[in-house]
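Survey of secondary and tertiary structure
Given next are the chains, with one letter for each unit.
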Amino acid sequence: MWLLRGFVFLLVLCLLHQSNSSFIRLNNNGFEDIIIVIDPSVPEDEKIIEQIQDMVTTASTYLFEATERRFFFKNVSILIPENWKENPRYKRPKHENYKHADVIVAPPTLPGRDEPYTKQFTECGEKGEHIHFTPDFLLGKKQNEYGPPGRLFVHEWAHLRWGVFDEYNEDQPFYSAKSKKIEATRCSAGISGINRVHKCQGGSCITRTCRIDSKTKLYEKDCQFFPDKVQTEKASIMFTQSIDSVVEFCKEKTHNQEAPSLQNKKCNFRSTWEVISSSEDFNNTIPMVTPPPPPVFSLLKISQRIVCLVLDKSGSMASYDRLNQMNQAAKYFLLQIVENGSWVGMVHFDSTATIINKPIQIISSDERNTLLAWLPTYAWGGTSICSGIKSAFQVIGELCSHLDGSEVVLLTDGEDHTASSCIDEVKQSGAIVHFIAFGTAAEEAVIEMSKITGGRHFYASGKAQNNGLIDAFGALTSGNTELSQKSLQLESKGLTLNSNPWMNDTVIIDSTVGKDTFFLITWNSLPPSISLWDPNGTIMENFTVDATSKMAYLSIPGTAKVGTWAYSLQAKANPETLTITVTSRAANSSVPPITLNAKMNKDINSFPSPMIVYAEILQGFVPVLGANVTAVIESQSGHTEVLELLDNGAGADSFKNDGVYSRYFTAYTENGSYSLKVWAHGGANTARLSLQPPLNRAAYIPGWVVNGEIEANPPRPEIDEDTQTTLEDFSRTASGGAFVVSQVPKYFSDDLHPPSQITDLDATLQEDEIILTWTAPGDNFDVGKAQHYIIKISGSLLDLRDSFDDALQVNTTDLSPKEANSKEIFAFKPGNISEENATHIFIAIKSIDKSNLTSKVSNIAQVALFTPQANPDDTYPTPTPTPTPTPTPTTDKGHNSGVNISTLVLSVIGSIVIVNIILSTTI
């Protein structure tokens, strides 16, 4: 039996290594189980389904050739909204739902901006989250601007599957090349075209040459690169796949390492093909001899939710008030979380299972109250998990002939060595198993069931003040319900009270929520005194008190008032543990509510490897910036670690201001399960919506050069940067589920981790000084303070990347690192470089901590040592520069300037006085 359990645990380790929710797998060169979902807000149009099929079919052939006959699309499921008409071709989904979507078809993130994009918030080579296409794009209305959908799907697929990035950069569309010319950011550099300003107003358009910006010394903001329609260059798909000749990803020989593209910045100047060819997909396949078959499509239509609660009432549930805590959380689920229209059944189990009720459809509070009365009232016996699951399948079978897409919510506090015996049956059933592990024992076989069926896994320690069990049930909203129908958690907190009997605080209800607002209070010993006031100061009466289950709750009729609600709870026992949970739904189905989603980057990890916490705040698809976000990670023994999550583009956070807040987690205290919970708060005048188009968006093609003339496309709608985007106060909480850590030793050093890699190093040349800026790393990744920096420079980018230790070192004696996430500014004088081949200075940094652990080499910054020239056909007078006063660090005015690269070595190492200015503001 021990060997069997060991085998199951090893299998779980394999299955849970990544937390990416995609079901995609590679089988004999073909990608299977791709899920494309159509958002419920998309008006019904069967042409969208046809266009998806055409796009994927075309893309499969293009991908096959672009990857040298390695990959193609084998089968795809298209998920159709419940509000679309029935069709005999549509089947019921199994594990497919919105949470596992690889491609989402939905309205644009910003009105009128139909650019496809891929949600990526991890590092180079790591899988993305999903692709977003708009209906207008799929229907061919934007083909001139973005190219054929099949080709663009391959571009986005490379983002999603292989973690590569774009070879263009709308923020830095031009750069100073080694040729001393201004070049468009592109790959390969062999893509030909011209640079022009093309503007239309009042029905007339003008085209003119680009002027040089006096500050950047590059082309002005409105200048655009217009590619030639007819090309011979074959690369790159990550630049402009819509050019007919482009059929390859950039390879090492064709890759443009000079360009300031995101691919160069994020992937250490490696080409897209180098990243793809180092992937697990590539290493597990060989080129095919024969062409692949066309993709197979499954059309699946969302149906009403069917869920069966499988609740443990074994003898161990009588300890530590576990039975009552389970009933509190289950009542919360039945009263507030499960959506109207859902079908709910119930099974109790100990050493055997008992079917309590067949599924009943929830239409009103009557059905909810009926289900409440069927919760278990006593605990006794052993634990037979498979009996409970099989009985749940029988319950669901009473409603429909198959189990596809039905859900089993299994809660247990113990292990069952026979649970692995029904894994195959669960896998074949088509049902989804959610697992809530209550207490320190988590049955590995059930974790596997949850993973392979697309369910969620939660861990609750049983400490009431942490509210973990209620949070777990609260997170079990339907994966396929419209967002406007989902219950959102606004608050979840608990306190153990001793000398002070009061628990007082406030809850914010913002204008995007307020419907079906629900307040839940729980206690351990005696009912507390409860006072609740709305924003006008009116006290709320009529709490329902359930003394048996030690809980009280109140539903606010209609839509709750927007503003700050205050509560005051007075304990009647000493000590006492009180909790409060507040949920609500969208106030208006046409206005998306603010949402918070949280997760770890892995579901399982081995010590001492770090993990990353992610929390994403959105309104619809628009990122919310400037929020205060806090994560609490709890171990099995109840030890908690609190982390402030940041959206600053440094440390664990890959992209600044993308609405994804991140932080490293390394504070492992024991082996076993850990739970993640996140709070987000947006204060008035601090939180705001991002009006910037999404990152990793498809390149908008402004037009083509045909026979020397520009054939322009319609301009994109401009974003009004003056539009008010500040949000009102809001608060959200979310459970990020559970993860498992192994191989934690009983005793270990406190300092096992180096400083995090600096990823936002930037360099500018101001007169005779190079100004460096970056975000300070920590002693342990992004926590604490590094001991010192090593800054090196070179005239060769590749030499600096590949042989950092051999490069020229800057004197950093007076440079003292600040606390992690502070802003650093550093200045030095490089001297005058006269050698013709020294066109740029490249700079990189390593950080060292007090234990002499060294970070990875930072991103490489660069400055040009010349003023670039425009192309010969761009002739115009250069405007007189207008200097803008810029505060710069003070440097030693007695520095001796050099005259060549050798002198630069001496200057940097020997005689420069470095002045370090640290901004006191934390990013």
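Residues numbered from 1 in each chain as written. Predicted model: local features only at pLDDT ≥ 70, side-chain atom pairs only at ≥ 80, totals over all residues. Heavy atoms only, no water.

**Some thoughts on the pattern of salt bridges**
Defined as follows: Here, a salt bridge means any Lys or Arg side-chain nitrogen found within 4 Å of an Asp or Glu carboxyl oxygen. Only DSSP runs of H or I reaching four residues or more are called helices, and only runs of E reaching two or more are called strands; each is numbered from the N terminus. Three labels apply to residues, based on accessible area from a 1.4 Å probe with only protein chains included: buried if under 20% of the type maximum, exposed if over 50%, partly exposed otherwise in between.
Following the criterion strictly, the structure yields 42 salt bridges and no others. In this structure, the salt-bridge partner of glutamate 68 is lysine 251, at a minimum N-O distance of 3.6 Å. One end of the pair, glutamate 68, is in the loop between helix H2 (46–66) and strand E4 (72–73); the other, lysine 251, is in the loop between helix H6 (237–240) and helix H7 (262–266), with 183 residues separating them in the sequence. Take lysine 251: its relative accessible area is 22%, and that puts it in the partly exposed class. Through salt bridges with shared partners, one network takes in Arg113, Glu115, Glu170, Arg697 and Arg716.

**With respect to the environment of aspartate 760**
Short version of the rule: Note on definitions: a residue-residue contact is assigned when non-hydrogen atoms from the two residues lie within 4.5 Å.
Counting through the fold element by element, aspartate 760 comes out in the loop between strand E40 (730–742) and strand E41 (762–766). Once the C-alpha coordinates of aspartate 760 and alanine 650 are considered, the two residues, 110 residues apart in sequence, prove to be 6.5 Å apart. Setting aside its immediate chain neighbours within four residues, aspartate 760 contacts Gly649, Ala650, Thr773, Trp774, Thr775 and Asn859.

**Some remarks on the packing of aromatic side chains**
Inclusion rule: A pair of aromatic rings is counted whenever rings of Phe, Tyr or Trp (Trp by its six-membered ring) have centres within 6.5 Å, and the orientation is called stacked for planes under 30 degrees apart, edge-to-face for over 60 and tilted otherwise. Over a ring means this: the NZ of a Lys or the CZ of an Arg is within 6 Å of the ring centre and within 35 degrees of the ring normal.
Taken as a whole, this structure holds 32 aromatic pairs when the rule is applied. When the centroid spacing of 5.3 Å and the interplanar angle of 45° are considered together, the rings of phenylalanine 71 and tryptophan 162 count as tilted. A residue pair is termed long-range when its members are at least 10 positions apart, and phenylalanine 71 in the loop between H2 and E4 and tryptophan 162 in helix H5 (residues 149–162) qualify at 91 residues. With a centroid separation of 4.8 Å and 55° between ring planes, the pair formed by phenylalanine 607 and phenylalanine 748 is classed as tilted. With phenylalanine 607 in the loop between strand E30 (604–606) and strand E31 (611–619) and phenylalanine 748 in the loop between E40 and E41, this pair connects stretches of sequence that are 141 residues apart. Given the relative accessible area of 13%, phenylalanine 607 is considered buried. Accessibility expressed as a relative area gives 34% for phenylalanine 748, which makes it partly exposed. A connected cluster of aromatic rings, assembled from ring pairs, spans Phe31, Phe71, Phe73, Phe133, Phe137, Phe153, Trp157 and Trp162. Above the ring of tryptophan 704, the side-chain terminus of lysine 229 is found at 4.4 Å from the ring centroid. One residue, lysine 792, lies across the ring of phenylalanine 804, its end atom 5.7 Å from the ring centre.

**Considerations on the state of the cysteines**
Short version of the rule: Here, a disulfide means two cysteine sulfur atoms that sit within 2.5 Å of each other.
Applying the stated criterion across every chain yields a total of five disulfides. With a sulfur-sulfur separation of 2.4 Å, cysteine 187 is cross-linked through a disulfide to cysteine 250. Because the torsion about its S-S bond is -110°, the bridge between cysteine 187 and cysteine 250 counts as left-handed. Of this pair, cysteine 187 sits in the loop between strand E10 (182–184) and strand E11 (193–201) while cysteine 250 is found in the loop between H6 and H7, placing the two residues 63 residues apart along the sequence. The same class applies to cysteine 187 as to cysteine 250, namely buried. Residue pairing for cysteine 200: its cysteine sulfur links by disulfide to cysteine 205, the two sulfurs lying 2.0 Å apart. On the S-S bond that ties cysteine 200 to cysteine 205, the torsion sits near 105°, and the link is right-handed.

**Re unusual backbone geometry**
The linkage connecting alanine 235 with the following residue, serine 236, adopts the cis geometry, with an omega of 25°. For the bond running from phenylalanine 607 to proline 608, omega is 0°, close enough to zero to count as cis. One non-glycine residue, aspartate 321, lies in the positive phi region at around 60°. Tracing the backbone through its elements, the reader meets aspartate 321 in the loop between strand E15 (306–312) and helix H10 (322–337).

**Some details on the sheet that holds strand E3 (residues 34–38)**
Quick note on the threshold: Strand pairing is assigned whenever DSSP identifies at least 2 bridges connecting the two strands. Inter-axis angles, ranging from 0 to 180 degrees, are taken between N-to-C directions of lines fitted to C-alpha atoms, where helices are fitted over the stretch in contact.
Pairing is mixed across the open sheet formed by six strands, whose spatial order is E7-E8-E6-E3-E5-E14. Across the chains shown, the open sheet's two edge strands, defined by having one partner strand only, are strand E7 (117–119) and strand E14 (296–301). Strand-to-strand twist of the sheet, defined as the mean angle between neighbouring strand axes without regard to direction, takes the value 25°. Across three bridges, the pairing between strand E6 (residues 103–105) and strand E8 (residues 130–133) is parallel. Residue pairing in the sheet places isoleucine 104 in a bridge with histidine 132 of E8. Of the strands in this sheet, E3, E6, E7 and E8 touch H5, which is tilted by about 150° from E8.

**As for the confidence of the model for the chain**
Note the threshold: The predictor attaches a confidence to each residue, called pLDDT, with possible values from 0 through 100.
Confidence in the prediction of the chain, expressed as mean pLDDT, is 89, and 91% of residues score 70 or more. Segment residues 1–19: pLDDT under 50, and 36 contacts once partners within four positions in sequence are set aside and those in other chains are kept. Low pLDDT, under 50, characterises residues 875–923; the predicted model gives this stretch 97 contacts beyond four residues in sequence or across chains.

**A short note on the nonpolar core**
Our working rule: The nonpolar core is taken to be a set of buried Ala, Val, Leu, Ile, Met, Phe, Trp, Tyr and Cys residues, with the residues joined through side-chain atoms within 4.5 Å.
Counting 69 residues, the largest nonpolar core has Phe153 and Trp157 as the members making the most contacts within it. With nine residues, H2 is the single largest residue contributor to this core. Among residues more than four places away in sequence, those in contact with phenylalanine 153 are Met55, Val56, Ala59, Phe73, Val103, Ile131 and Phe133. Counting 36 residues, the second largest nonpolar core, distinct from the first, contains Ala330, Ile337, Ala460 and Leu469.

**Some remarks on the side chain of serine 314**
Worth spelling out the cut-off: Nitrogen and oxygen atoms within 3.5 Å of one another constitute a polar contact, given that in protein one can donate a hydrogen and the other can accept it, and given that sequence-neighbouring residues count only through two side-chain atoms.
Topologically, serine 314 is positioned in the loop between E15 and H10. The exposure class of serine 314 is buried, given its relative accessible area of 1%. Among the polar contacts listed, one links the side chain of serine 314 to the side chain of threonine 383, at a separation of 3.4 Å. When residues no more than four places from it in sequence are discounted, the contact partners of serine 314 are Phe349, Asp350, Ala379, Trp380, Gly381, Gly382, Thr383 and Asp413.

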